[in-house]
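Structural features, examined
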Amino acid sequence: MFSLSIEGFEIPPEWVSLSKDLQDGRIIFVLGASDTGKTTLIKFLIDRFVKSGKKVAFVDSDIGQSSIAVPTAISSALVSSVDDIKSPRVHSLFFIGSTSPPGNLLQMAVGLKKTVEAALLTKPDLVLVDTTGFIHGATALELKYQKVSLVQPTHIVAIQREKEVEPILGSVRASFDNLKILRLKPGSSAIGRSLDERQANRERRFAQYFSRARKLKIKIGDVLLRRGPFGVGLPISDLKLYELSKTSGLDFLYGEEGNEEAVLVVRSMGHGDSLSNKIQSYLKKRFVRVINQSDLEGTVIGLGMRAQGGFVSGLGIILGVEEGIVNVFTPVMDSSKIGVLIFGSLKISTSGKETGKSTFY
């Protein structure tokens, strides 16, 4: 018989009956503020469903306090046995690059949609979706609304202390007639964690993830650079970079140019408006952004293939840039399987410590 506690969290009696109300569920969203027990509820439900013979896909979109893979990414795992609950194997990883939704709303909505679609391809009996505690304010409401609109869950389970989730529930209830909404109170064992405790938990996850990482050299010419400052246009040729270096006196390592703008990575930054004017004049662009390569160091990136559409094989940390080479600290071992580098906004050390945000966002 299932014990009415998980990891020291006492399971309320109404959570036990909830699994019966969800028997006809196909895609189930769990919503609630931080530290209300969303992940614990999902673990409890997974245990109940698996023991009843169901195959469950778990989609973890809590990019700050992830429980399947690593922070900064939406992940999924297929659970078909009790042993899988203890050590879920990651099925897919969609890179967001941050530990909070603001500034990444489009990526969060699209990433969840694509991850649920990928999970459904494994033909589970149901999909359980964990979400972030970002529920307050108009932006949070709109994000949750768009997620529901894109994914079309059959059920929403809302855990709330008072009525903090009601604005979101009212919005989706008015738009989706067949959606079933169930409300729960947090368990009495739910304990709030401070911002420092939440950061410490993220850093433990990062440290664990990168514990088997090593330096990998990736040729810039072999990959597509996405997000961050990149993606403004086509790569600038080595010859043009060399000529620009002679004109400006700077050592350019990489560059892209579009119709009216350009971005350049330089070994060491110069100073002065006259230098910027020289670069703009040479490239004939209205807007030119020059980035010191040291500003890229520590940035968390996603490593994927070109055809993966936001899904990645793993994460990495930028160690530095050389002529035509990006040095990355990553557990991904084969550079030939990397076709895209997706830049995040978070910076961390190789030991997993958060060191700040990227200045180019």
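In the block above lies the structure referred to throughout.
Small disclaimer: the values here were computed from a predicted structure and weren't measured.

1. Brief notes about the environment of G103
- Relative to the assigned elements, G103 resides in the loop between β6 (90-95) and α4 (105-120).
- A C-alpha to C-alpha distance of 27 Å links G103 and P331, two positions 228 residues apart in sequence.

2. Details of the pairing of strand β5 (residues 73-79)
- Burial analysis of β5 places 6 of its 7 residues in the buried class, which makes it a mostly covered element.
- Across 5 bridges, strand β4 (residues 56-60) lies against β5 in antiparallel orientation. Counterpart to F58 in the pairing with β5 is A77.
- Pairing of β5 with β6 involves 5 bridges; the strand directions are antiparallel. Among the inter-strand pairings, A77 is bridged to a residue of β6, identified as V90.

3. A short note on the packing of aromatic side chains
- This model, assessed by the stated rule, comprises 6 aromatic pairs.
- Plain terms: the ring middles of Y145 and F176 are 5.7 Å apart, the flat faces sit at 40 degrees to each other, and that makes the pair tilted. Within this pair, whereas Y145 is found in helix α5 (residues 138-151), its partner F176 is found in the loop between α6 (166-173) and β9 (180-184), the two being separated by 31 residues in sequence. Accessibility classification places Y145 together with F176 in one group, the buried group.
- Arranged with centres 4.8 Å apart and planes meeting at 55 degrees, the rings of F230 and F343 form a pair that is tilted. Pair noted here: F230 is in the loop between β11 (224-226) and β12 (234-235) and F343 is in strand β19 (residues 340-348), with a separation of 113 residues, a long-range link.

4. A look at the sheet that holds strand β14 (residues 261-266)
- Strand order in the open sheet formed by 4 strands is β12-β13-β14-β15, and the pairing between neighbours is mixed. At either margin of the open sheet sits one strand with a lone partner, and together these are β12 and β15 (287-292).

5. Remarks on the packing of α5 against α6
- Remark: α5 packs on α6, axes separated minimally by 10 Å, with the N-to-C direction vectors making an angle of 40 degrees. The angle between α5 and α6 falls in the class oblique. Handedness of the crossing formed by α5 with α6: right-handed. Residues L141, K144, Y145 and V148 of α5 touch α6, and the partners they reach there are P167, I168, S171 and V172.
- Its residues assigned to classes, the contact of α5 with α6 comprises 6 nonpolar, 1 polar and 1 charged.

6. Some details on the side chain of R205
- Residue placement: R205 occurs in helix α7 (residues 195-209).
- With no salt bridge to any partner, buried R205 finds its closest opposite charge in D60, at an N-O distance of 6.2 Å.
- Here A69 takes part through its backbone oxygen, which lies 3.0 Å from a polar atom of the side chain of R205.
- Setting aside its immediate chain neighbours within four residues, R205 contacts S66, S67, I68, A69, V70 and P71.

Cut-offs applied
Residues numbered from 1 in each chain as written. Predicted model: local features only at pLDDT ≥ 70, side-chain atom pairs only at ≥ 80, totals over all residues. Heavy atoms only, no water. Helix = DSSP H or I, 4+ residues; strand = E, 2+ residues; numbered from the N terminus. Buried < 20%, exposed > 50% of the residue type's maximum accessible area, 1.4 Å probe, protein only. Pairing = 2+ DSSP bridges. Phe/Tyr/Trp six-rings, centres within 6.5 Å; stacked < 30°, edge-to-face > 60°. Axes fitted to C-alpha atoms, helices over the stretch in contact; angles between N-to-C directions. Parallel < 35°, antiparallel > 145°, perpendicular 65-115°, else oblique. Left-handed = near helix turned anticlockwise from the far one by under 90°. Contact = heavy atoms within 4.5 Å. Nonpolar A, V, L, I, M, F, W, Y, C, P; charged D, E, K, R; others polar. Lys, Arg positive; Asp, Glu negative; His and termini not counted. Salt bridge = Lys/Arg side-chain N within 4 Å of Asp/Glu carboxyl O. Polar contact = N/O pair within 3.5 Å; in protein donor to acceptor, adjacent residues only side chain to side chain.

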